[in-house]
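Structure at a glance
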Amino acid sequence: MYKKKETLREAMYSRSLQVDKKMDLNWLTKEYKLTELDFKGTFFKNWPIKLAGNTDVLSLGRPDIIEEVHRKSLESGADIVTTNTVMSQSLCQKKYGLGEERYVEFLNRASVRIAQFEANKMSAKTPDKPRYVIGSVGPTSKMLSKYGVGDSDTIDATFDTLEEAYMQQMKIMILEGVDAVMVEGVTDTLNAKAAISAFMIVKDLYKHIYRDYNGENYHPEIMLSALVMEDENFTKSGQTRKAFINSVKHANPLFVGFNCRGGDMTELSTIPRQDEKYDSLYHLSNMEALDIAPQDLVISEACDVRKNRVFEGMVERHAKEECLAMVRKEIEDNKANVIKINVDLEWVDQKSDFHHIIKAFEEDPVISKAILLLSSSNFDVLVYALKNAQGRCLVDTSLLSTDPNKRKEQLDTIYRLGGEAFGNIV
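A brief report on the enclosed structure follows.

Procedures and definitions
Residues numbered from 1 in each chain as written. Predicted model: local features only at pLDDT ≥ 70, side-chain atom pairs only at ≥ 80, totals over all residues. Heavy atoms only, no water. Helix = DSSP H or I, 4+ residues; strand = E, 2+ residues; numbered from the N terminus. Contact = heavy atoms within 4.5 Å. Buried < 20%, exposed > 50% of the residue type's maximum accessible area, 1.4 Å probe, protein only. Polar contact = N/O pair within 3.5 Å; in protein donor to acceptor, adjacent residues only side chain to side chain. Disulfide = S-S within 2.5 Å. Phe/Tyr/Trp six-rings, centres within 6.5 Å; stacked < 30°, edge-to-face > 60°. Pairing = 2+ DSSP bridges. Axes fitted to C-alpha atoms, helices over the stretch in contact; angles between N-to-C directions. Parallel < 35°, antiparallel > 145°, perpendicular 65-115°, else oblique. Left-handed = near helix turned anticlockwise from the far one by under 90°. Nonpolar A, V, L, I, M, F, W, Y, C, P; charged D, E, K, R; others polar. Expected span 1.5 Å × (residues − 1). Core = buried A, V, L, I, M, F, W, Y, C linked by side-chain atoms within 4.5 Å. Right-handed = clockwise from strand over helix to strand, strands pointing away. Salt bridge = Lys/Arg side-chain N within 4 Å of Asp/Glu carboxyl O.

This brings us to the side chain of Gln89. Relative to the elements of secondary structure, Gln89 occurs in the loop between β2 (80-82) and α6 (90-93). Beyond its immediate chain neighbours, meaning those up to four positions away, Gln89 contacts Val104, Val137, Gly138, Thr140, Ala165, Tyr166 and Gln169.

Next comes the structure, spelled out in structure tokens:
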């Protein structure tokens, strides 16, 4: 790890930084006339599965090519190089037979070390202009918001499995000393929230490595880029751009971009700072964003079984359309901008009911504009609900543990999963 005079965050606040060219498969294949032998190299010489098209294995099969790409980018003025790891998670590598944790470690470690080597060499030549390394993390081919509870036995991705896959990858990146992790090409906000959760867990586990070397205030950062539909203002999972930003705000990302395209380099500019008025608001989201003062929240308790016996009957009967009609009326007639959900009934599957209610509300054009307030006396159910909601939800803290240590642990979990703690609810 090369000791830098300023952190990446400090550098981005002081000037614009240039990011290197991405490892584009078509360009690499044409430029270097790649064959199957290049992808396999000596490391995977006898591998029974075809690896051509798996750009990430070039860090093991042809590391000289990856070194050259980084070196040329740095010589052309890049301040930042991104690692050749966009598919280096177990879910992406599974189809190549490389989904085991050991292979994930090989790929990520090799790619980060190549990038670090070239960046450190250039930094040594110009110590007043340090170069940085960003660990590239891809979106995978999964979209968590599209899966139903009933599919859990047949799909190969849930919030937990995706979080674990990202943790495996980010652990190696952080241990190898990347300055930041870039979660790229996000098509689903739930995928981004799983990546953020993984990053926060791993960063906390290994933060001492950075602090021992670079000082108390130095730690790895996270950046995100999402894809929006062409000629529209929505992500592929249905959120507006501003709603996506609010949903990932808890990560304190260095940079949030959309459809990041460009030539050989992309410019990362100074991030605007917010004023006191902005910081005093709740920054919430469902499928649309809502920046609102606490006193302006209008909360409907129509979907709280403890307050509304009619809703209890709807839950028991799975009366989706009746529930949607009731909530629309609350929004239209009572101007509710927050819908509280509580399904504390011992004789129903609370997790499944939470999932279906959240998805139904996200898909409704009227209700999807309202913020969800999640409430449960069962913390596991509350966590499950947070893992199903794309938006930044309010979370009822009145039903959390009264034990101070346990309560702090629960609040930390709520924050890590993108919820906004909301107290004093009767």
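Read on, since the account is not over.
What follows concerns the side chain of Ser368. Note on placement: Ser368 falls in the loop between α14 (350-363) and β12 (371-374). Judged by relative accessible area, which is 7%, Ser368 ranks as buried. Among the polar contacts listed, one links the side chain of Ser368 to the backbone oxygen of Asp364, at a separation of 2.8 Å. Residues within four places of Ser368 in sequence aside, it is in contact with Asn286, Met287, Glu288, Phe361 and Glu362.

Attention shifts here to the state of the cysteines. Within the structure shown, the criterion is met by 0 disulfides. The thiol of Cys323 is unpaired, and the distance to the nearest cysteine sulfur, on Cys303, comes to 4.2 Å. Taking the relative accessible area as the measure of exposure, Cys323 reaches 7% and is therefore buried.

Right, let's talk about the packing of aromatic side chains for a bit. For the structure on display, the rule yields 9 aromatic pairs. Ring centres of Trp47 and Tyr103 lie 5.4 Å apart, and the angle between their planes is 80°; on these two criteria the pair is classed as edge-to-face. In this pair, Trp47 is assigned in the loop between α3 (36-40) and α4 (58-61) and Tyr103 in helix α7 (residues 101-125), connecting sequence segments 56 residues apart. The buried category is assigned to Trp47, whose relative accessible area is 19%. Judged by its relative accessible area of 10%, Tyr103 falls in the buried class. An aromatic cluster is defined as three or more aromatic residues linked by ring pairs; in this entry it consists of Phe43, Phe44, Trp47, Tyr103 and Phe106.

Read across the sheet, 5 strands follow the order β10-β11-β12-β13-β14 without closing on themselves; strand pairing throughout is parallel. Each end of this open sheet is capped by a strand with a single partner; those strands are β10 (299-304) and β14 (420-422). Averaged over all pairs of adjacent strands, the angle between strand axes in this sheet comes to 30°, irrespective of strand direction. One ladder, built from 4 bridges, connects β10 with strand β11 (residues 338-342); its direction is parallel. The residue of β11 that forms the bridge with Asp304 is Asn342.

α14 packs onto helix α13 (residues 320-334) with a crossing angle of 55° between their chain directions and a minimal axis gap of 11 Å. Between α13 and α14, the interaxial angle falls into the category oblique. Remark: the crossing between α13 and α14 carries right-handed chirality. Contacts between α13 and α14 involve Lys320, Cys323, Leu324 and Val327 from the former and Ala360, Phe361 and Glu363 from the latter. Of the residues contributing to the contact of α13 with α14, the split by class is 5 nonpolar, no polar and 2 charged.

Our next topic: α14. An α-helical turn contains 3.6 residues, so any two residues separated by three or four positions project in the same direction. For α14, spanning 14 residues, the distance from its first C-alpha to its last is 20 Å, which sits close to the expected 20 Å at 1.5 Å a residue. Buried residues of α14: Gln350, Ser352, Asp353, Phe354, His355, Ile357, Ile358, Lys359, Ala360, Phe361 and Glu362, and no others.

Within the largest apolar cluster, 80 residues are counted, with the highest numbers of intra-cluster contacts made by Met170, Phe311, Val327, Phe361 and Leu374. Sorting elements by how many residues they give to this core places helix α9 (residues 189-214) first, with 10 residues. Phe311 has contacts with Ala302, Cys303, Asp304, Val305, Cys323, Met326, Asn342, Val343 and Ile357, leaving out every residue within four places of it along the chain. Counting residues in each nonpolar core, the second largest holds 20 residues, with Tyr32, Ile66, Val69 and Ala110 among its members.

Residues Ile371 and Leu373 line one face of β12 and the alternating positions Leu372 and Leu374 line the opposite face, and both faces are buried. Strand direction decides the pairing type here: β11 and β12, joined by 4 bridges, are parallel. Paired with Val338 across the bridge in β12 is Ile371. You can see the chain leave β11, run along α14 and come back into β12, and the turn it takes is right-handed.

Structurally, Glu176 can be placed in the loop between α8 (159-175) and β4 (180-186). On the accessibility criterion, Glu176 (14% relative accessible area) is buried. Sequence spacing of Glu176 and Gln116 is 60 residues, and the spatial spacing of their C-alpha atoms is 8.6 Å. Apart from residues no more than four positions distant in its own chain, Glu176 is found in contact with Arg109, Val112, Arg113 and Gln116. Side-chain polar atoms of Glu176 contact the side chain of Arg109, separated by 2.4 Å.

The next thing to look at is helix α15 (residues 379-386). Of all 8 residues in α15, 6 are buried; the element is thus mostly enclosed. Considered for burial, the residues of α15 that qualify are Phe379, Val381, Leu382, Val383, Ala385 and Leu386. For α15, the capping residue at the N-terminal end is Asn378, with a side-chain oxygen 3.0 Å from the backbone nitrogen of Asp380.

Let us now look at the pattern of salt bridges. Enumeration according to the criterion identifies 27 salt bridges in this entry. Asp396 is paired through a salt bridge with Lys340; the nearest N and O atoms lie 4.0 Å apart. Of this pair, Asp396 sits in strand β13 (residues 394-396) while Lys340 is found in strand β11, placing the two residues 56 residues apart along the sequence. Each member of the pair Asp396 and Lys340 is classed as buried. The closest approach of N and O atoms between Glu420 and Arg392, which form a salt bridge, is 2.9 Å. Of this pair, Glu420 sits in strand β14 while Arg392 sits in the loop between α15 and β13, and the two are 28 residues apart along the sequence. Overall, Arg392 belongs to the buried group, its relative accessible area being 6%. Beyond isolated ion pairs, a larger network of salt bridges with shared partners links Glu301, Asp304, Arg306, Lys340 and Asp396.

Interpretation in functional terms is not warranted from these geometric data alone.
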